[in-house]
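Understanding the architecture of this molecule
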Amino acid sequence: MNYKLTIGWLYPELMSTYGDRGNIISLAKRCEWRNIEAEVRRLELGFKIEDLKKCDILFMGGAQDKQQSIVSHDFSTQKIKTLKRMIEDGIPGLYICGAYQFLGKYYKEADGTIIKGLGILDLYTESRGKNFKRLIGNIIIETRIKKLVGFENHGGRTYLGKNIKPLGTIVKGFGNNGDDKTEGAMYKNSFGSYLHGPILPKNPHFADLLIQLSLKKKYKQPFSLAKLEDTLEWKAHEAIANRLGIGL
Amino acid sequence: MLNSIVVIIGKIVSSISSSLKLGHGSTWPGHIALSINKNFIKEIVKQNSSLKIILIAGTNGKTTTGKLIQTILEHSGKKVFQNEAGANLLNGIASSMLLHSNLLCKINYDYGIFEVDEAALPLALKEITPDYIILLNLFRDQLDRYGEVNTIVKNWQIALKKLSSKTTLVLNSDDPQIAHLSNVTPIFYFGLNDKKFEQAKHQHAVDSTYCPNCKSKLYYHTIYYSHLGDWECKNCGFKRPKDIFSTPLSTKLDGVYNQYNILAATLTTKIIGISQDSIKSALGSFVPAFGRQEAIAINGRIVKILLSKNPTSFNESLRAIKNLNAKNVLFVLNDRIPDGRDVSWIWDVDFEDYIDTFNIISVSGDRVYDMAVRIKYASKTQNSKLKSQNYNSKLKIYRNLNDAITNSVKSTPGDKTLYILPTYSAMLEVRKILIGKKIL
């Protein structure tokens, strides 16, 4: 049987600031190498809801403030509803940095201004203003699929609600807010995180988890993926762990 | 009097640091000067009111543009000094002033050219009212240090508003964010009008294709590189300025990005009053700044170093060397403070469009495996058999930079050129190995 996954890339032009394209490349290549057809569908400004519905994995990256406000305008009630239904339905997705914040309830600026989020995930983000340091640096977290490494760079502090679990706990770095040792969030098959790097190329096990979940969802049967030769990926992974003084 | 003492101390510090090869010689004296007298720059400038000052800012091209202007001005008999490449924060500017003044704080030069870090420009404008400001471009670069492009532009606009008509602005018309800057002073624009440099599609790492005025998507009649081109907003009507200077003269510099640097330098020196003929002959004798297409001969081969420090500069380096028919390349990726600690940006570089044309792709640097993974994922999948996902056989991985350079030079045929594309600190290391001495 020929398997195929459609990877939906939400706002590749606007929500793509920190090399997040690497996540799309990683997913597509790792499918291709296993003979799974991967189609990357770019969901640009003004995309059709029908196109979103066809996707088997979703990805959205971070953005600069101005770009994010353009995206906000494009996210109609109907688009939000569709995305929410897909997330609730268990369509796997990865949402990094700005996108992660955006899926939450709101972003509160230092002066108290509330910017509404999509309200899909039970979390909110606060900015404490210029007098507080941005959380910047290499980061390593422990998750249920072993460690993940990356680079974080965010001013906002994110807090999770009762209905959502963190993606992992901090081994070294700041994570969601620098206080509670949590990083990212998971809800059904959706994952939010502050990890750039980008996250998937240096964490091939995480890329494979997303692929596996999508295949399982789409073809309604458990999948075990063929093993790939990942020496370089793991060496890049280890380089960060070593830098932070963490053994694997 | 105080400043004379500061100058003496600074000069002593500088000579000690250079004789002991301590490094940082281009920033320490200024750092000390500013900690003794925080108004040092302001006061020195005031005391030397006949010194004409040119500030250059922008993500890419500051050093080359500065060197071009210096070459042209010196060719027509002017006395010119420039801050050292990379020493472009206030301490670097203060150092440069101090080292070029005598003990009475008199600077016996006609022109001082200062390249200024993007984030430091507003600070510099508090100290200096320049005669000319050249703003080249703004690309995403070291987001961990500078923050986002939009923030930088906002701060520039605020700082420029405070200038008087003494300052002439020289702006890149092809960068929408730069062209959108305004103030009360005379403005001159430079931009390209040559289809030869046209690019068929936008590169991935594009920041400013939305109207700085109304946020609508901009329409590009022509793209030259990244978000630079002949643009227009179909919504609010804001478009590239009409009256632009667009005739670049020829130099030894390759690459579209250098066309902009040449235009900026030519336009500025024309405004200053240098004749076309004089500019032309000066450019003919131009020697690139270190690491900026600098050519070094080693064992009968030519090694060319093209500083590649962010997605746009990396893309443009790749485009330039592809046009030069490059076969052997070495990419060196570091993640130190001057490089930016986040290396995510390499995934914004369009390696996919270039690497097939190279025969040997060597990688090295602090983050050698990040670069190796990037190249692996940029390679075309040969067929669907699992074994072939193994990286490109052209890829050579070196943890040690010495080995990388030695082997890359060895594997370059005698009549060919090895192209090295390093990040900033990697470029300094590469030069140190090739030339056998440290620069900073």
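Small disclaimer: the values here were computed from a predicted structure and weren't measured.

Concerning the confidence of the model for chain B
All names here are of chain B. Looking at chain B, pLDDT values average 88 and 93% of them are 70 or higher. Within the model, pLDDT remains below 50 along residues 382–389, and this stretch shows 13 contacts once partners closer than five positions in the same chain are excluded. For this predicted complex, the interface confidence score (ipTM) comes to 0.96, while the overall pTM stands at 0.83.

As for the sheet that holds strand E14 (residues 190–193) of chain A
All names here are of chain A. With mixed pairing, six strands are arranged side by side in an open sheet as E2-E1-E3-E4-E14-E13. Only two strands of the sheet have a single partner each, and these edge strands are strand E2 (37–43) and strand E13 (185–187). Each strand axis lies, on average, 15° off the axis of its neighbour in the sheet, ignoring direction. The pairing of strand E1 (residues 4–10) with strand E3 (residues 57–60) spans four bridges and is classified as parallel. Paired with Gly-8 across the bridge in E3 is Leu-58. The sheet strands contacting helix H1 (residues 21–32) are E1, E2, E3 and strand E4 (93–96), and the helix crosses E1 at an angle near 175°.

Overview of the pairing of strand E9 (residues 146–154) of chain A
On a regular strand, one side chain projects to one face of the sheet and the next to the other, so that they alternate. All names here are of chain A. In terms of burial, E9 is a largely internal element, eight of the nine residues being buried. Pairing geometry for strand E8 (residues 135–143) and E9, over nine bridges, is antiparallel. Looking at E9, one finds that Asn-138 is bridged to Phe-151. Counting the residues that bridge the hairpin from E8 to E9 gives two residues.

Focus: the packing of aromatic side chains
Applying the stated rule across the entire model yields 21 aromatic pairs over all chains. Look at Phe-139 of chain B and Tyr-225 of chain B: their rings are 5.7 Å apart centre to centre, the planes differ by 35°, and that puts the pair in the tilted class. Here Tyr-225 of chain B lies in strand E7 (residues 219–225) and Phe-139 of chain B lies in the loop between strand E4 (132–135) and helix H7 (143–146), a separation of 86 residues in the sequence. Taking relative accessible area as the criterion, Tyr-225 of chain B reaches 2% and is therefore assigned buried. An angle of 50° between the planes, with centres 6.0 Å apart, marks the rings of Phe-314 of chain B and Trp-345 of chain B as tilted. Of this pair, Phe-314 of chain B sits in helix H12 (residues 311–323) while Trp-345 of chain B sits in the loop between strand E11 (328–332) and strand E12 (360–364); the two residues are 31 residues apart in sequence, bridging distant segments of the chain. The residues Phe-314 of chain B and Trp-345 of chain B share a single accessibility class, namely buried. Members of the aromatic cluster, connected to one another through ring pairs, are Tyr-11, Phe-47, Phe-75 and Phe-102 of chain A. Looking at Arg-42 of chain A, its charged tip hangs above the ring of Trp-9 of chain A, at a distance of 5.2 Å from the centre.

What to know about the packing of helix H10 (residues 256–272) of chain B against helix H11 (residues 276–284) of chain B
All names here are of chain B. It is the contact of H10 with H11, at a shortest axis distance of 10 Å, that shows an interaxial angle of 145°. Note on packing geometry: the crossing formed by H10 with H11 is right-handed. Across from Ile-262, Thr-266, Thr-269 and Lys-270 in H10, the residues of H11 making contact are Gln-276, Ile-279 and Leu-283. Across the contact of H10 with H11, the residue classes tally to three nonpolar, three polar and one charged.

Conventions we followed
Residues numbered from 1 in each chain as written. Chains lettered and ligands numbered in written order. Predicted model: local features only at pLDDT ≥ 70, side-chain atom pairs only at ≥ 80, totals over all residues. Heavy atoms only, no water. pLDDT = per-residue confidence, 0-100. Contact = heavy atoms within 4.5 Å. Pairing = 2+ DSSP bridges. Helix = DSSP H or I, 4+ residues; strand = E, 2+ residues; numbered from the N terminus. Axes fitted to C-alpha atoms, helices over the stretch in contact; angles between N-to-C directions. Buried < 20%, exposed > 50% of the residue type's maximum accessible area, 1.4 Å probe, protein only. Phe/Tyr/Trp six-rings, centres within 6.5 Å; stacked < 30°, edge-to-face > 60°. Lys NZ or Arg CZ within 6 Å of the ring centre and 35° of its normal. Left-handed = near helix turned anticlockwise from the far one by under 90°. Nonpolar A, V, L, I, M, F, W, Y, C, P; charged D, E, K, R; others polar.

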